[in-house]
Amino acid sequence: MRILIRTSRWAIWARRLGGIAVPLVVISVLLHRFGLVGGERFLVIIGLGGAVALLAVIVAIMALARLWQTGDQGWSRALIGLVLGLICLAPYLWYAQLALHYPPATDIATTGRDALPLIFEAGTADMPPPRLLTAGQIEVIFPNVVSRTYRLSQTQIFEIAQKLVEDNGWTIRRMTPPGGSGQPGRINAQTMTWPGWREEIVLAISGNDDSATVDMRSVSLNAPHDFGSNGLRIESFLRGLDEAVTNALRDAAGIAPPAAEDDEGDDEAPPVSTDSSEPAAT
């Protein structure tokens, strides 16, 4: 007598749902990155992809539990559905923990936002109202988001900042070198997060032949939440600028950088001052 071993329907559906979740998530991100769908539609599609991925994981777990009890076929299907669902859910879990750590914000600056204007274009006109952090929140969450003042000329600092922007791979949309009468130099650049949200970076370099002050702003153009990207971007860029200016000052003074084995010793580089007297974006 031949014994018929059934294939679990739960396992079949787990595999199907996992196979649906992957293209939903991947294609929605690609469509958003290439500008084929707007932000609102992207949120709907990516939300649907997350719901399908979560359902795939739940169904796969139930399938595995039933397979353990009944001895039916379908272990491979259930496991594939579970793996595909977990892979799709990983970005959602990552952004969920970022949302718990960083309060909702879309616009962060080291000084008044009016001093760091965005490029006005079609996408900018459709931007939702900015979500801002208070000065106290910025001081606690992003303590290095403060103006920088360096003992190099305005032109030198502008050139260093421009090189750093290019090294970061940001697309320069507009660049105004410093004017001869102390007019501040400005750089407007854009970057894109991996889900496809465009973010604009604005740099203003003011000063004279003896010193220069750098202010910076980073803005999510249409995203409802930056998950800390703007504040972290400003902190990372300004740390890189501090290092580049310190190296330039060493070169100007003829001081050789310390050897690798002396890294734990005192750093004799001229200090780089910060200026936090200007209010942060509120």
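It should be noted that the structure appears before, not after, this text.
Position numbers for residues count from 1 along each chain, tracking the sequence in the order it is written. Per-residue local features are limited, in this predicted model, to residues with pLDDT of at least 70; the limit for side-chain atom pairs, both in listing and counting, is 80 or more; totals at the level of whole chains, interfaces and linings are taken over all residues. Excluded from the side-chain calculation are hydrogens and water; included are all heavy atoms of the structure.

K.L.:
Go over the packing of aromatic side chains, please, and point to the residues and values.
P.N.:
For this analysis, a ring pair means two rings from Phe, Tyr or Trp (six-membered ring only for Trp) whose centres lie within 6.5 Å, classed as stacked if their planes differ by under 30 degrees, edge-to-face if by over 60, and tilted for the remaining angles. Under the criterion given, the structure shown has 5 aromatic pairs. Ring centres 4.8 Å apart and planes at 65° place the aromatic pair Y95 and F227 in the edge-to-face group. Linking Y95 in helix 3 (residues 75-101) with F227 in the loop between strand 6 (212-220) and helix 7 (229-253), this pair joins segments that are 132 residues apart in sequence. Since its relative accessible area comes to 25%, F227 is described here as partly exposed. Secondary structure elements are defined from DSSP: runs of H or I of at least 4 residues count as helices, runs of E of at least 2 residues count as strands, and each element is numbered from the N terminus. Whether a residue is buried, partly exposed or exposed follows from its accessible area with a 1.4 Å probe, protein chains only, as a fraction of its type maximum: under 20%, in between, or over 50%, in that order.

K.L.:
Residue-level account of the packing of helix 1 (residues 9-33) against helix 3, with values.
P.N.:
Every axis corresponds to a line fitted to the C-alpha atoms, with the helix fit spanning only the stretch in contact, and the corresponding angles, defined between N-to-C directions, vary from 0 to 180 degrees. Between helix 1 and helix 3, the least distance of the axes is 7 Å, while the angle of their chain directions is 30°. The orientation of helix 1 relative to helix 3 falls into the category roughly parallel. When the axes of helix 1 and helix 3 are compared, the crossing they make is left-handed. When helix 1 is examined against helix 3, the residues A11, I12, A14, R15, G18, G19, A21, V22 and V25 are found in contact with a partner set consisting of R77, A78, I80, G81, L84, C88 and Y92. Per-class residue counts for the contact of helix 1 with helix 3 are 11 nonpolar, 3 polar and 2 charged. Roughly parallel means an angle under 35 degrees; roughly antiparallel, over 145; roughly perpendicular, 65 to 115; everything else is oblique. Crossings are classed by handedness, with left-handed meaning an anticlockwise turn of the near helix from the far one by less than a right angle and right-handed meaning a clockwise turn. Note on contacts: a residue pair qualifies if any of its non-hydrogen atoms lie within 4.5 Å across the two residues. Ten residues, namely Ala, Val, Leu, Ile, Met, Phe, Trp, Tyr, Cys and Pro, are considered nonpolar, four, namely Asp, Glu, Lys and Arg, are considered charged, and the remaining ones, Gly among them, are considered polar.

K.L.:
Let's hear about a nonpolar patch on the surface: which residues, and what values?
P.N.:
A contiguous nonpolar surface patch, about 350 Å² in accessible area, is contributed by W10, L54, I58 and M62. Turning to its location among the elements, M62 is positioned in helix 2 (residues 39-70). Patches in this entry comprise residues that are over 30% relatively accessible and not in a salt bridge; like charges within 9 Å are linked, as are nonpolar side chains (Val, Leu, Ile, Met, Phe, Trp, Tyr) within 5 Å. In these tables, accessible area is a Shrake-Rupley quantity obtained with a 1.4 Å probe, and a residue counts as shielded only by the protein chains included in the view. The rule for a salt bridge is simple: a side-chain nitrogen of Lys or Arg has to be within 4 Å of a carboxyl oxygen of Asp or Glu.

K.L.:
Account for the environment of T110, with residues named and values stated.
P.N.:
Mapped onto the elements of the fold, T110 is located in the loop between strand 1 (107-109) and helix 4 (122-125). Since its relative accessible area comes to 3%, T110 is described here as buried. Through-space distance from the C-alpha of T110 to that of R217 is 6.5 Å; in sequence the pair is 107 residues apart. In protein, a polar contact means a hydrogen-donor-capable atom and an acceptor-capable atom, both N or O and within 3.5 Å, with residues adjacent in sequence counting only if both atoms are side-chain atoms; elsewhere, any N or O pair within 3.5 Å suffices. Of note is the side chain of T110, whose polar atom sits 2.8 Å from the side chain of D215.

K.L.:
Please set out the pattern of salt bridges residue by residue, giving values where relevant.
P.N.:
Side-chain pairing between opposite charges can occur once the charged atoms of the two side chains come close. Enumeration over the complete set of coordinates arrives at 6 salt bridges. Residues D72 and R6 are paired through a salt bridge, measuring 3.8 Å at the closest nitrogen-oxygen approach. With D72 in the loop between helix 2 and helix 3 and R6 in the segment before helix 1, this pair connects stretches of sequence that are 66 residues apart. Salt-bridge contacts for K163 lead to D167; the nearest nitrogen and oxygen are separated by 3.0 Å. Of this pair, K163 and D167 both sit in helix 6 (residues 154-167), 4 residues apart, which is roughly one turn of the helix. In this structure D167 comes out as exposed when scored by relative accessible area, which is 53%. Through salt bridges with shared partners, one network takes in D107, R113 and R217.

K.L.:
Pulling in residues and values, what's your account of helix 3?
P.N.:
With 27 residues, helix 3 should cover 39 Å at 1.5 Å per step; its first-to-last C-alpha distance of 38 Å lies within 8% of that length. Approximately 35° is the largest bend angle found in helix 3, and it occurs at L89, with the proline P91 only one to four residues beyond. Within helix 3, the full set of buried residues consists of A78, G81, L82, G85, C88, L89 and L98. Its buried side turned inward, helix 3 meets helix 1 and helix 2. Helix span, expected: 1.5 Å multiplied by one less than the number of residues in the helix. At any given residue, the bend is defined as the angle formed between two axes, one fitted to the seven residues that end at that position and one fitted to the seven that begin there.

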